[in-house]
Amino acid sequence: MKSTTPLIRKILKILFVYDEEARLNLFETFPRLRSFFANRRHFALIRSFGDLAFTLLIIAGLFGPQEPERNAMLFVSWGIWWTGIVLSWFFVGRMWCGFCPFPGVGRLLQRLGLYRPKLPPRSISKYCAYAATALFALIVWAEAVFHMKHSPLATAFLLLTILFGATLLATLYKGQAWCRHFCPLGKIIGSAATLSILEFRADLEKCRGCQTFACKRGKGNIPGCPVYLGAYAARNNLICLVCGHCIPLCDRDSPGLFLRHPLKELVINKGRHLTCTYIIPFLLASQIARFIQEKTSWYQGFKSALFHSEALAFSFLLAFLFALALFVIRLGAELFTIYEDELFGRFSPMVPVLVPLAFTGELVYRLEYLLHEIGNFGPTLGKQLGLSSLEALSFRVPEAFIHYLLLGITALGLLGALYTAHLLAFREFEGLVPRKNFFAILALASLVSAVYFYFVRIY
Ligand code: SF4
Ligand code: SF4
């Protein structure tokens, strides 16, 4: 029997010892994984299941009981679904988007020929990062102001609004224009997926001389990459949905799924992409604003001073924290002393330092809700379905467990931020960052992290 020890050792080395070149081709190592991706029926099956669950959630939100303790759709949407997506960022990048139910109706309309077979204009790709950030701001704002986590109807409307956006764009342009350009969730997932341990990439040696570019353009009746990328152009995790659609299209067996060090892409990109430049500071600001809203009495006083208006109080808080996050990123760039390159143009080296904090911050926020509410799921479902046997399944996750788990995750985020700063300062910009500046960058990242530690402490 072949020993698995060298493979495990190799995997651990890739994950824990930073080496930009080191990666493991998972399709070669585990051929069944490639077969899974290449067989499109698997994806169709999972998608159908997702579409069905999604439809049931919307029906339960629209027509089910509106008391939060009698409608399980709230916990499934905000607790299981969204927390699961956040957790998936680290492990599988944007793969969630490959199964996402939002483009389902649009895909169906396209199959029926009810769409304009055109590509989105260039202006869309130019301004989409701003539009997606604005949409994300709107969702976070609506979630906080309308207390969506407690309102089945508001949650169902949110899902329907995103479904409407995805469907509308699917009738206007071919493929998944919504997923590529506008989806606010996709932009957050894409930005956070830069921290993923997986990357979907083509073997550019095999692509050399390719005339068909079938991965992007499609072949025969089979359409190409749904987000107009193509495996050969997937150079980061921002856009590729890891949907595997291009695998059977490519005659040269070029696309592959690779295991890599989680900080590799952050270090290589150095905050070069517009998407991250806006999404990451907004994600940080929105998390801290939500913590302040839910965990401090100060916020209630602030709200009273603003005519008891949740909308006004949260808007001011969010805008202030967003400006503060942009200031931290600017200050970080000054401390790095290098934020422009002849080859790449401008970049924001503080953004990759903050990505691990933004990722763990979102995970902490969602996990806290999940762990506090999971014990009520059985009774809530029981009340909704009239099954008294389920009502007896109530339990509580010990507070101490939740507390230490969230503290541990926050500490991991800080560790990731400090290590990214170290890699940037001493590898990428070797000799360019003064030592005292480096310590100031560490202090800045620690200060941001201290805010999270402060809020995790309050429960
Ligand atoms: S991935 Fe395949 S189809 Fe796409 S460019 Fe490379 S060789 Fe051509
Ligand atoms: S490059 Fe391939 S895996 Fe990535 S989104 Fe396009 S079709 Fe899907």
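Our subject is the structure that appears above.
Now for a look at the structure at hand. (Residues numbered from 1 in each chain as written. Chains lettered and ligands numbered in written order. Predicted model: local features only at pLDDT ≥ 70, side-chain atom pairs only at ≥ 80, totals over all residues. Heavy atoms only, no water.)

Near ligand 2, the surroundings consist of 13 residues, among which C225, C240, L241, C243 and C246 are the closest. One can see that ligand 2 is located within the second largest cavity. By residue class, the composition of the shell around ligand 2 is 10 nonpolar, three polar and no charged. (Near = heavy atom within 4 Å. 1 Å grid on protein atoms, 1.4 Å probe; cavity = no way out; pocket = protein on both sides within 12 Å on 5 of 7 lines; lining within 4 Å. Sits in = over half its atoms within 2 Å of the grid points. Nonpolar A, V, L, I, M, F, W, Y, C, P; charged D, E, K, R; others polar.)

In this structure, the largest pocket encloses a volume near 1,200 Å³. Lining the largest pocket are 36 residues, with Q110, G175, P223, G224 and P226 sitting closest to its centre. A class-by-class count of the residues in the lining of the largest pocket yields 16 nonpolar, 10 polar and 10 charged. Here the second largest pocket defines a volume of roughly 520 Å³. Taken together, 19 residues line the second largest pocket, and the ones lying closest to its centre are F90, P262, L263, L412 and G416. Every element with two or more residues in the lining of the second largest pocket is listed here: α1 (5-16), α5 (73-92), α18 (350-385) and α20 (399-428). With six residues, the top contributor of residues to the lining of the second largest pocket is α20. Classifying every residue of the lining of the second largest pocket by side-chain character gives 15 nonpolar, four polar and no charged. (Points joined across faces, edges and corners; volume = space filled by probe spheres on them. Helix = DSSP H or I, 4+ residues; strand = E, 2+ residues; numbered from the N terminus.)

To continue, consider the side chain of Q110. Residue position: Q110 is located in helix α7 (residues 104-111). Of note is the side chain of Q110, whose polar atom sits 3.1 Å from the backbone oxygen of Y173. With residues near it in sequence (within four places) discarded, Q110 still touches Y115, A170, Y173, K174 and G175. (Polar contact = N/O pair within 3.5 Å; in protein donor to acceptor, adjacent residues only side chain to side chain. Contact = heavy atoms within 4.5 Å.)

Moving on, we get to the pairing of strand β2 (residues 198-202). The element β2 is largely enclosed, with a buried count of five among its five residues. Covered by surrounding structure in β2 are L198, F200 and A202 together with E199 and R201, the residues of both alternating faces. Judged from the five bridges that link them, β2 and strand β5 (residues 255-259) form a sheet pairing that is antiparallel. Considered in β5, the bridge of A202 is made with P255. (Buried < 20%, exposed > 50% of the residue type's maximum accessible area, 1.4 Å probe, protein only. Pairing = 2+ DSSP bridges.)

Turning next to the sheet that holds β5. One open sheet accounts for three strands, arranged β1-β5-β2; its pairing is antiparallel. Of all strands in the sheet, those with a lone pairing partner are β1 (24-25) and β2, marking the two edges.

A word on the packing of aromatic side chains. With the rule as written, the count across this model stands at 30 aromatic pairs. Measuring from centroid to centroid gives 5.9 Å for F36 and F37, while their planes differ by 85°, and the two rings are edge-to-face. Taking relative accessible area as the criterion, F37 reaches 2% and is therefore assigned buried. Pairwise contacts between aromatic rings join F27, F36, F37, F43 and F99 into one cluster. Sitting over the ring of F258, R23 keeps its end group 3.6 Å from the ring centre. The positively charged end of R330 is found above the aromatic ring belonging to Y339, 4.9 Å away from the centroid. (Phe/Tyr/Trp six-rings, centres within 6.5 Å; stacked < 30°, edge-to-face > 60°. Lys NZ or Arg CZ within 6 Å of the ring centre and 35° of its normal.)

With that out of the way, let us pick up α7. Among the residues making up α7, those that are buried are G104, G106, R107 and Q110. Buried positions in α7, seen along its axis, are confined to an arc of 165° and lie on one side of it. Tucked inside the fold, the buried residues of α7 contact α4 (40-63) and α9 (152-172). After α7 finishes, the residue G113 shows a positive phi value of roughly 80°. (Arc of directions from axis to C-beta.)

Right, let's talk about helix α8 (residues 122-145) for a bit. Over its 24 residues, α8 runs 35 Å from end to end, which matches the ideal 34 Å to within 8%, given 1.5 Å per residue. Remark: the principal bend of α8, roughly 55°, maps to C128. Just past α8, the residue H147 takes up positive phi, approximately 45°. (Expected span 1.5 Å × (residues − 1). Bend = angle between axes of the 7 residues up to and from the residue.)

This part covers the pairing of β5. Counting buried positions along β5 gives five out of five residues, so the element sits mostly inside the fold. Along β5, one buried face is formed by P255, L257 and L259 and the opposite face, lined by G256 and F258, is buried too. Relative to β5, β1 runs antiparallel, the two sharing two bridges. Bridging from a neighbouring strand, N25 pairs with F258 of β5.

Turning next to a nonpolar patch on the surface. Taken together, I8, L12, F16 and V17 make up a surface patch of nonpolar side chains, about 410 Å² in accessible area. In this structure, V17 sits in the loop between α1 and β1. (Patch = residues over 30% accessible without salt bridge, like charges linked within 9 Å, V, L, I, M, F, W, Y side chains within 5 Å. Areas by Shrake-Rupley, 256 points an atom, 1.4 Å probe, with all protein chains shown as cover. Salt bridge = Lys/Arg side-chain N within 4 Å of Asp/Glu carboxyl O.)

The next point concerns the packing of helix α17 (residues 310-336) against α18. Angle between the axes and distance between the axes are the two parameters that describe a pair of packed helices. Between α17 and α18, the shortest axis-to-axis distance is 8 Å and the interhelical angle comes to 130°. Here α17 is positioned oblique relative to α18, judged by the angle of their axes. Side by side, α17 and α18 meet where V328, I329, G332, A333 and F336 of the first sit next to M350, V351, V353 and L354 of the second. Here the contact of α17 with α18 is composed, by residue class, of eight nonpolar, one polar and no charged. (Axes fitted to C-alpha atoms, helices over the stretch in contact; angles between N-to-C directions. Parallel < 35°, antiparallel > 145°, perpendicular 65-115°, else oblique.)

Okay, empty space enclosed by the protein next. Per the counting criterion, the structure on display carries seven cavities of 30 Å³ or more. Here the largest cavity is characterised by a volume of approximately 230 Å³. Lining the largest cavity we find 17 residues, and of these W78, W82, I139, L158 and L185 sit closest to its centre. For the lining of the largest cavity, the elements supplying multiple residues, two or more each, are α5, α8, α9 and α18. The biggest single contributor to the lining of the largest cavity is α5, with five residues. Looking at side-chain class alone, the lining of the largest cavity contains 12 nonpolar, two polar and three charged residues.

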